[in-house]
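# Tertiary structure, described
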2 protein chains.
Amino acid sequence: MINFEAFFKLTYGLYIVSSGDKNRGGGFISNTFFQVTAEPPRFASCCNKDNHTAQLIQETGAFSVSVIHQNTSADLIGRFGYKSGRDFNKMEGMQVKYGETGVPIVLNDTIAILECKVIQTIDVGTHWMFIGELIQSELLDDSKEALTYLYYREVKKGFAPKNAPTYIDKSKLEQKEVKATAKKYKCTACGYVYDDAVEKVKFADLPDSWVCPICGSEKEDFIEI
Amino acid sequence: MINFEAFFKLTYGLYIVSSGDKNRGGGFISNTFFQVTAEPPRFASCCNKDNHTAQLIQETGAFSVSVIHQNTSADLIGRFGYKSGRDFNKMEGMQVKYGETGVPIVLNDTIAILECKVIQTIDVGTHWMFIGELIQSELLDDSKEALTYLYYREVKKGFAPKNAPTYIDKSKLEQKEVKATAKKYKCTACGYVYDDAVEKVKFADLPDSWVCPICGSEKEDFIEI
């Protein structure tokens, strides 16, 4: 038997994994970035094959990682976590520097950065696992705590987006958080609350094409609170 | 430039990864266990090629993962994290159940378990990365927090052992924690403190073969506090 609740006991950080170049950059929020060997320092990053950033990593053979802090803005998470880089250049308007390989490195809300050159690409099914050799790493702010998946889920009430390795179809979980009397709906990406009591249109009556006014997440990414 | 301090901003859990069978089991403390795809649920575990458990995983084609809680005993961490299963059967005296594949699953201080069948073995240098398809998972105790590498490092003052993907040669770090006046030494595995003031022999004069009386860690695993 598989109990999906067990998955929530696994610990992950949340990072922005970026790739591309000065003309066209992309990035996504990843919870599966981790060190795989100490000598030499090598890291792995797991990326959905449909992700625009996966394509950029394959084209450039490199990626960067920004470790973001706990109070990262909902806007940043919405931009990198719940929108596709196919639709717009995610690096536009961001604080970005470019690494030795030419990939963009996001600096907003970032406490540490790492830059890796891909040495191996592994097909693990729906995702690519990129193994990268570390080229550079930098500690930018030692005073802040790194954002973790647990913090994002428990404090910020966020869920993993569909392309994440840890995405869980909510119908598989017991619906203990949903109360029959509730009339408020929260964006699982950015935390924005839609309150039926103060809106002209009830949430249930909003069209499927409606998106979160803050981060652009889809209607189905909202949960009743 | 590579700043190793940046590595400490990456978030990991700490797990017991086990393999073997009823006659001979083994396990090690791992901080690199993570989900790589959601459909089907697949997980990866990174294991030093020298680890006895790596050999057992290759022989059985399966492994289990025990998510241990924050107040896990130092003895458990010492047993699985800093000793080799070549020297003794680590499962002896433990609360263990056996999975569908026959691998042992450690239950001591455990809040969730997962069992995986290996579908891919990747050579990432000093380590093997085993990709496993999930066979079963169980939530055993939802009331406790999972042990994280950060908690182990900051609260319990532990360091990664030599075979860990995240092992850092302490000489590469700034020695800010070491004070010239200090005369106490702490085991980085279990937290045991050796106090020169109350012992007959000064820590510095102990032979290199001396080991921690609590968890068996080597003298070099102690740090001045």
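Model, not experiment: these values are computed from the prediction.

## Some points on the overall build of chain A
A count of helical and extended segments in chain A gives three helices and 12 strands. Relative to its length of 225 residues, chain A is compact, with a C-alpha radius of gyration of 18 Å against a globular reference of 17 Å. Dimensions of chain A, computed from the C-alpha atoms along their principal axes, are close to 55 × 45 × 35 Å. For chain A, buried positions account for 56% of its 225 residues. Taking the intrachain contacts of chain A between residues at least 6 apart in sequence as the baseline, contacts between residues at least 24 apart amount to 64%. For chain A, the accessible surface area stands at approximately 9600 Å², while carbon and sulfur atoms represent 47% of it. Between the centroid of the 26 positive side chains of chain A and the centroid of its 30 negative side chains there is a distance of 4 Å.

## Some thoughts on the relation of the copies chain A and chain B
Overlaying chain A on chain B yields an RMSD of 0.1 Å, the required transformation being a rotation through 180 degrees with an accompanying axial translation of 0.0 Å. Such a combination of turn and shift is consistent with a two-fold rotation axis. Across chain A, the rotation axis passes nearest the C-alpha of Y12 of chain A, at a separation of 2.8 Å. A high fraction, 100%, of the interface residues of chain A reappear at the interface in chain B, so the copies pair face to face through one surface.

## Overview of the confidence of the model for chain A
Residue and element names in this part refer to chain A. Per-residue confidence for chain A gives a mean pLDDT of 88, with 94% of residues at or over 70. Averaged pLDDT values over the elements of chain A bottom out at 84 in helix α3 (residues 149-154) and peak at 98 in strand β7 (residues 104-106). Across residues 175-180 the pLDDT falls below 50, and counting only partners more than four positions away or on other chains, this stretch makes eight contacts in the model. Listed scores for the predicted complex are pTM 0.78 and ipTM 0.76.

## Considering helix α2 (residues 74-81) of chain B
All names here are of chain B. Among the eight residues that make up α2, six are buried, leaving the element largely enclosed by the rest of the structure. Along α2, the residues classified as buried are L76, I77, G78, R79, F80 and G81. Each element contacted by the buried residues of α2 is listed here: β1 (15-20), β2 (25-30), β5 (62-68), β7 (104-106) and α3 (149-154).

## Things to note about the side chain of T148 of chain A
Of note, T148 of chain A is situated in the loop between β9 (127-139) and α3. Given the relative accessible area of 18%, T148 of chain A is considered buried. In this structure the side chain of T148 of chain A is engaged in a polar contact, spanning 3.0 Å, whose partner is the backbone nitrogen of Y151 of chain A. The contact partners of T148 of chain A, leaving out residues within four places of it in the chain, are Y12, G13 and L14 of chain A together with T11 of chain B.

Rules of the game
Residues numbered from 1 in each chain as written. Chains lettered and ligands numbered in written order. Predicted model: local features only at pLDDT ≥ 70, side-chain atom pairs only at ≥ 80, totals over all residues. Heavy atoms only, no water. Helix = DSSP H or I, 4+ residues; strand = E, 2+ residues; numbered from the N terminus. Rg over C-alpha atoms; globule rule 2.2 N^0.38 Å. Buried < 20%, exposed > 50% of the residue type's maximum accessible area, 1.4 Å probe, protein only. Contact = heavy atoms within 4.5 Å. Areas by Shrake-Rupley, 256 points an atom, 1.4 Å probe, with all protein chains shown as cover. Lys, Arg positive; Asp, Glu negative; His and termini not counted. Charge placed at Lys NZ, Arg CZ, Asp CG, Glu CD. Least-squares fit on C-alpha atoms with pLDDT ≥ 70 in both. pLDDT = per-residue confidence, 0-100. Polar contact = N/O pair within 3.5 Å; in protein donor to acceptor, adjacent residues only side chain to side chain.

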